[in-house]
Structures are given as C-alpha cells and as structure tokens.
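The lines below spell out each chain.
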Number of protein chains: 2
Amino acid sequence: MSHELVQRLFLRYFDNPILARLDDAAVVGVSGVEFQVSGLPGPKPETRNPKLAFTTDSYVVSPIFFPGGDIGKLAVCGTVNDLAMSGATPLYLSAGFILEEGLPLEELERVVASMAAAAEAASVHIVAGDTKVVDRGKADKLFINTAGVGVVPAGVELGSDRAQPGDVIILSGTIGDHGMTIMSQREGLRFSSPLQSDCAPLHSLVAAMLDTLTPLPLGEGKGVRALHCLRDPTRGGLATTLNEVAIKSGVGIEIDEKAIPVRQAVRAACELLGLDPLYVANEGKLVAFAAPEAADALLAAMHAHEHGREAAIIGRVTAEHTGRVVLRTPLGARRILDMLVSEQLPRIC
Amino acid sequence: MSHELVQRLFLRYFDNPILARLDDAAVVGVSGVEFQVSGLPGPKPETRNPKLAFTTDSYVVSPIFFPGGDIGKLAVCGTVNDLAMSGATPLYLSAGFILEEGLPLEELERVVASMAAAAEAASVHIVAGDTKVVDRGKADKLFINTAGVGVVPAGVELGSDRAQPGDVIILSGTIGDHGMTIMSQREGLRFSSPLQSDCAPLHSLVAAMLDTLTPLPLGEGKGVRALHCLRDPTRGGLATTLNEVAIKSGVGIEIDEKAIPVRQAVRAACELLGLDPLYVANEGKLVAFAAPEAADALLAAMHAHEHGREAAIIGRVTAEHTGRVVLRTPLGARRILDMLVSEQLPRIC
C-alpha cells in the first residue's frame, strides 16, 4: 500500500516539481539571492550557489534493538544517507518522538544515547526536537521521525532521472543484511555466523567519491558531473531501487547476478523464509550510476573507505528495454526483475 | 513526562548551543559563506546574510477530525507557526505519515487534501514525504510528523531569552479554543455556541508585524529589533509559555487577567471539566514581547489582520520576581501562575 499511496494520493494533492521527483531528498534553492518565496525556485544548473537538501523519514522498526543497531541509530543514519544520496553534506537533523506510555525510561535513554553517538559519527547536529506521548496500546514502544537539511555543493547534480545509457552501476557492498537481521530477530532464527544490520552513515563515502572526481577532466567538463545518480537501496531492496531509476531515467538496466555480493548467512536466512535478497532492505549501502570513464576512480575511492570495501560494478545502463531491469543469472539466463508490488517486509525501518 | 524528558534526557545527549535554546524553531547558519560543516555556526548578530530556521513536530491529536480543523491542517499550521515564531518566512515542509493498517483511504484522503489546502494558504510547499504502515493496534489511525525550513530575514532576532524588563506583552486573540474543542469532542459535550479550534497559520500576521516595524526609528536602531520574542502558546497554554519566557530571559512577568480574552463557550467548557483556560492549548495565537515604543504600531498591524483582530496588551515584563509569572486577578489580587508540571491534556495536538 505504501508505495501506491505515495505515488497516487500524495502526488495528486502535494503536486509540485520538487516532490514529484520522489528522490530521497528534495533539493531546493537556498541562498539569499536565490530564494523566492512566491513561486517555486527550480534548481538552476549554472548557479554557483549551493542548494539546500531537505528530507524526512519515520522509523517504526520492530524490534527497536537489533544486532548492529537500534531504531535511534537507524533514524540518524537513514536521514543522513537520504541527504548524502542527493550529494549533500548533511548538517542538521530534527528528531520527533512518539512514545507509548509505559516505555521503560532505560530503553528510551539507550535509543537517545545511540542517536547522539550516530549523529556525532555522521558530523550532524540534532537541533530541533519534539516528543508526544500516547496511551498504552496506541503506539508500539516508540516511533521516531527524523528530518534533515544539508547543502549540495555547486556543480553536483544527482537524481534518479539522470542515469544515461552507457553508465556503469556500482554497488558499495553486500545486500540484504539489514532486512534479514530484522526478520531473523522477529522469527527467532539463529545462524552459525550471526546476521548483523549494515546500518551506517554513508556521507563520508559519498564525500570521498565526489572528492576523487572533482579534479578529473572527465567527459562532461567538471569531474563531479560524471556521477549521475546515487541511491541507497532501503525498503524494497536493490531490485526496487534499480526499477525506480530505470523508470525515472527512461533507460534499461542490465545486472549481473554473480557480481552482487550476498553474505552466506543472509542467503541462508532468505532461503529459509522464502525471500529474495534483491528485494531485502539495506541501511548502509549505495548504488552509483556514473559515466564509464569515472568507474576506476570511483571504485578506488570506494575500496579505500570502510563502507565501500566490497564495491563492485554490478551492471550497466542500456538504451534498450527502457523502464526495465534485466538480470543475467550465473547460468547465463536473463530474467526481468520486477518492481516490488506490495510491501514485502513491514516495519523493517 | 514530555517536558521533563525534553529538558533532561535530550539536552543531556543532544547538547548543543542551538537545541539548548529549546525555542520553537532552531535558527542556524544558511548561506554559502556562513556554512561551516565542522563546528557549529552560531548566529552572527551583525551578518547581513539570512539565517535558516528549522523545526519539527509530530501530531497525534485524537480525534483526527474536529470543528475548525483536522490532524492534517494542524500538522501544517503547527510547523508553519513554529517557523513564524522565529521570525522566519516558512518555505518548505516535509510530511511523514505513520498509518495504522485499516485506516479508511477516504479518511487519509481527507487529511491529505486538508494538508494541501493548508500548505497553499500558508504559501509553503510540501517537498519531502514518507509513509510507514504499522499493524492494526500498533498506532491510532494516523500520526503525522511535519518538519519545516524557512528563512529568517537579516536583522530579525527573536528568542525566548530576549524579553527585557519594560517590554509589553501582546496576545493576538482569545485563548483555549483549540484545546477545549478537542476535549469537548472527546467528552461528547455540546454547547449552545459551538466550540471551534483556532487552528490557523500565523506567518502573514508575523510578516505584517515585522513589516510595520521595519521603517520605524525605534529605540534600538532598526525597527524590527524592537520585537524581542514571539511564541505560540500551544501545549501547556499561555501560562506555560509565559513561564518559559520568564525563566529563559531571566525576567519577571505580570499579567492582567481581565485583559485576556476567553470565549464564553471555552470558559463554560473549562468550568465543566475543571480546567483553567490559561493552561489550555492554542493553535492560532501568538504572544509578542516588544519594546513599549513599538506597541502602538504592532497593535495597529495586528488589528488589521484576520488573525489579530482581538490583539491586546495583556501585561508587562518586569525586573522583579525573575523567573516568575504573576497574575493580577480582576479583584486586584495577585497570584503566581505556575508552570504546568505534568501534561494536562494528552493528544491535544
């Protein structure tokens, strides 16, 4: 229901050219010169002024504590990552808490301490907050909303509608870790090599990628322009993210299944629960779409970063079968990777 | 619990000079020049650059539809007003929805349509959104978080810590309307003159107030500097807001009870339920603290605005009894108006 709701209802009522892009973060005009209160300031490609990125997410993950993180760390990293995917340097976060009456104060304190540590690790400041308490049974322990603002450096323009035929598609690491950790906790599954959420802030990985491109004389002038799109494959997983980019950019995508790293424990848990890791949520991974001449520099920068050590080219953008993602299996067969129709895993984030 | 939580737990972990002010909106550096990614940019008093205001609130009001509004209108107006209280022109909102499974789509659509209308009325754009669905019984119909960004014009510096002895205190209209409307709905009370929430966006009232001051040669140089603090008395009502300003500014406050307008139906409902209108939430009112020489201009501007027709001076700031609010009753007695200790009315917003 969620995806359909966003697409139909919200777009119908909140229609404007920024929201309509439905990217992870809205990028809006920022400086004193560019702001126009009446009329919506569109991004001006040639401006030297930085632009503001603005994003929000609510977190309802259950259980609220899990291996590799908790709802607080997730709420900070998720919003930091949404900002980072627009190329922005995350700066400020807000935190809105909805608490169920009876939540033990120790649990709240653990979550808040975790948020503070995650904010420090991500170099962001939590500058605005709000708390509401509802009766027992009217919420489930606690829900957290974080919104974030950041600044997109001049020249950086990323978007799900900017992938181009010929682009390489780079994945920063293994998939399915977060989603399968949550599912295994709920189902009480145990594995010999324990599952752990990949929940992590990706802002410094993105900064390293932009930094490595900036001085390079690549195809389209400034080096950063060789990077076309960044996405973090959260809800709906890698397959859903790739489909969204294929549709919005009006391109085809071809993926090589054996190039996609999946941990053994994740694969085992997926088999047990009948899930496909390609559709399972990640919270510390990104997919990059870039001009092929930028691939080597990007991979080198990613491999040197703790959150990009396993980065690999997993596929390419094509001019054929636009709007579709095609997977090449290890045996050489080709199958279409559909968009996730219903929400596969509830309360995963 | 809510107020204590914010004060103790959050400040302990999220400590930084901006959040510590605990005002309605955080005011942070904004332009390309002022932004410093490492280190927290404090507001520079003499800068000519605009500053960014950033705020968040979650809305859990029950019932979600009520006379004069609904949770959607409230979520837009509440965040618009928090921005306006910092002197900011509200520009962009985010909207995060937490939906209980089984919420009728018609109800969601009514709320979304109401948000869109409220956003248009407030001249803001909803540019980022998110939806989460939780199982039936794990939330109550729907909760909405809105965060907002706006720009504070150069020269405007408002804050709960800026009230000064001698300041006049101006209230924009009647108190208690929103809170008593919600309570009456819940209790099934009916009155001959029906109660209606005052839920309204106050950005244009604030703009009119700033506009009227700007050209005036008032005490402290630029006219807008004669305005020291704006607050919207929401949760905890007027009494709580006045106490917060008295404490943060280190001043005393004297209020004249008979100067405070209360509708007859609100008064009747309060008597029936044993509540004091001074502690009941408002969603379309503001309190202004300003140098006395600005009072006439401010009142004239407010009276000319639809949301300030009943604006009146309700008291003064004193150098005596710092940190305390003293109420003069119609009979001439003086009593101390305490801070609301526990949350008097749950789920009022």
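Conventions adopted
- Residues numbered from 1 in each chain as written.
- Chains lettered and ligands numbered in written order.
- Predicted model: local features only at pLDDT ≥ 70, side-chain atom pairs only at ≥ 80, totals over all residues.
- Heavy atoms only, no water.
- Pairing = 2+ DSSP bridges.
- Helix = DSSP H or I, 4+ residues; strand = E, 2+ residues; numbered from the N terminus.
- Axes fitted to C-alpha atoms, helices over the stretch in contact; angles between N-to-C directions.
- Core = buried A, V, L, I, M, F, W, Y, C linked by side-chain atoms within 4.5 Å.
- Buried < 20%, exposed > 50% of the residue type's maximum accessible area, 1.4 Å probe, protein only.
- Contact = heavy atoms within 4.5 Å.
- Domains from an automatic or database assignment.
- Buried area = accessible area lost by both parts, 1.4 Å probe.
- Salt bridge = Lys/Arg side-chain N within 4 Å of Asp/Glu carboxyl O.
- Nonpolar A, V, L, I, M, F, W, Y, C, P; charged D, E, K, R; others polar.
- Phe/Tyr/Trp six-rings, centres within 6.5 Å; stacked < 30°, edge-to-face > 60°.
- Parallel < 35°, antiparallel > 145°, perpendicular 65-115°, else oblique.
- Left-handed = near helix turned anticlockwise from the far one by under 90°.

Residues and elements named next belong to chain B. Here seven strands make up an open sheet; going across it, the order is 9-11-8-12-10-13-14 and the pairing mixed. The outermost strands of the open sheet, each flanked by one partner alone, are strand 9 (227-231) and strand 14 (334-337). Taking the axes of each pair of neighbouring strands and ignoring which way they run, one obtains an average angle of 25 degrees across the sheet.

A word on the sheet that holds strand 1 (residues 26-28) of chain B. Residues and elements named next belong to chain B. What the five strands build is an open sheet, ordered 1-2-7-5-6; its pairing is mixed. Pairing within the sheet leaves two strands with one partner each, and these edge strands are strand 1 and strand 6 (125-134). The sheet shows a mean angle of 15 degrees between the axes of neighbouring strands, taken without regard to direction.

This brings us to the nonpolar core. Judged by nonpolar contacts, the single largest core of 71 residues is most densely connected at Phe97, Met115, Leu142 and Phe289 of chain A. At seven residues, helix 3 (residues 105-121) of chain A tops the list of elements feeding residues into this core. Phe289 of chain A has contacts with Ala163, Asp167, Val168, Ile169, Ala226, Leu227, His228, Cys229, Leu242, Val245, Ile253 and Val317 of chain A, leaving out every residue within four places of it along the chain. Residues Leu9 of chain A together with Phe97, Ala281 and Ile348 of chain B belong to the second largest nonpolar core, which totals 70 residues.

Attention now goes to the domain arrangement of chain A. Residue and element names in this part refer to chain A. Domains assigned within chain A are domain 1 (2-152) and domain 2 (168-337). Counting residues at the interface gives 27 residues for domain 1 and 24 residues for domain 2. Summed over both partners, the interface of domain 1 with domain 2 comes to about 2,000 Å²; 57% of that surface belongs to carbon and sulfur atoms. When residues of domain 1 are sorted by the area they lose upon contact with domain 2, Pro67, Asn81 and Met85 head the list and together hold 27% of the total. Run the count over domain 1 and domain 2 and you get zero salt bridges. Element by element, the count of residues in the side of domain 1 that touches domain 2 is highest for helix 2 (residues 71-85), at nine residues. A class-by-class count of the residues in the side of domain 1 that touches domain 2 yields 14 nonpolar, eight polar and five charged.

When we look at a pair of aromatic rings, we describe it by the centre distance and by the angle of the planes. Enumeration according to the criterion identifies two aromatic pairs over all chains in this entry. Seen in terms of ring centroids, Phe54 of chain A and Phe54 of chain B are 6.4 Å apart; in terms of plane orientation they differ by 80 degrees. Their pairing is edge-to-face. With Phe54 of chain A in strand 2 (residues 51-59) and Phe54 of chain B in strand 2 (residues 51-59), the pair connects residues from two separate chains. Phe54 of chain B shares its class with Phe54 of chain A; the two are buried. Between the aromatic rings of Phe143 of chain A and Phe143 of chain B, the centroid separation amounts to 6.4 Å while the plane-to-plane angle is 45 degrees, which identifies the pairing as tilted. Here Phe143 of chain A is found in strand 7 (residues 142-152), whereas its partner Phe143 of chain B is found in strand 7 (residues 142-152) on a different chain. Here Phe143 of chain B falls in the buried class, since its relative accessible area comes to 1%.

In this structure, Glu157 of chain B sits in the loop between strand 7 and strand 8 (168-171). Considering only alpha carbons, one finds Glu157 of chain B and Leu227 of chain B, 70 residues apart in sequence, at a separation of 8.2 Å.

With that settled, consider the packing of helix 2 of chain A against helix 3 of chain A. Residues and elements named next belong to chain A. Interhelical geometry of helix 2 versus helix 3 gives an angle of 30 degrees and a closest axis separation of 7 Å. With respect to helix 3, the element helix 2 is oriented roughly parallel. For the crossing formed where helix 2 meets helix 3, the hand is right-handed. Here Ile71, Gly72, Lys73, Ala75 and Val76 of helix 2 lie close against helix 3, whose contacting residues are Val111, Ser114, Met115, Ala118 and Ala119.

Tracing the backbone shows Arg231 of chain B in strand 9. On the accessibility criterion, Arg231 of chain B (6% relative accessible area) is buried.

We now examine the pairing of strand 8 of chain B. All names here are of chain B. Where burial is concerned, the two faces of strand 8 agree: the one with Val168 and Ile170 and the one with Ile169 and Leu171 are both buried. Here strand 8 pairs with strand 11 (residues 287-290) via four bridges, running antiparallel. Paired with Leu171 across the strands is Val287, a residue of strand 11. Both strand 8 and strand 12 (residues 312-318) contribute to a ladder of four bridges, which runs antiparallel. Bridging from a neighbouring strand, Leu171 pairs with Ala312 of strand 12.

On to the pattern of salt bridges. Counted under the stated rule, the structure contains 34 salt bridges over all chains. A salt bridge links Arg235 of chain B to Asp130 of chain A, with the shortest nitrogen-to-oxygen separation between them at 3.0 Å. In this pair, Arg235 of chain B sits in the loop between strand 9 and helix 6 (237-249) while Asp130 of chain A sits in strand 6 (residues 125-134), so the two residues belong to two different chains. By relative accessible area, which is 23% here, Arg235 of chain B ends up partly exposed. For Glu157 of chain B, the salt bridge goes to Arg162 of chain B, with nearest N and O atoms at 3.7 Å. For Glu157 of chain B, a relative accessible area of 18% corresponds to the buried category. A network of salt bridges, in which partner residues are shared, links Asp177, Asp198, Arg263, Lys285 and Glu310 of chain A.

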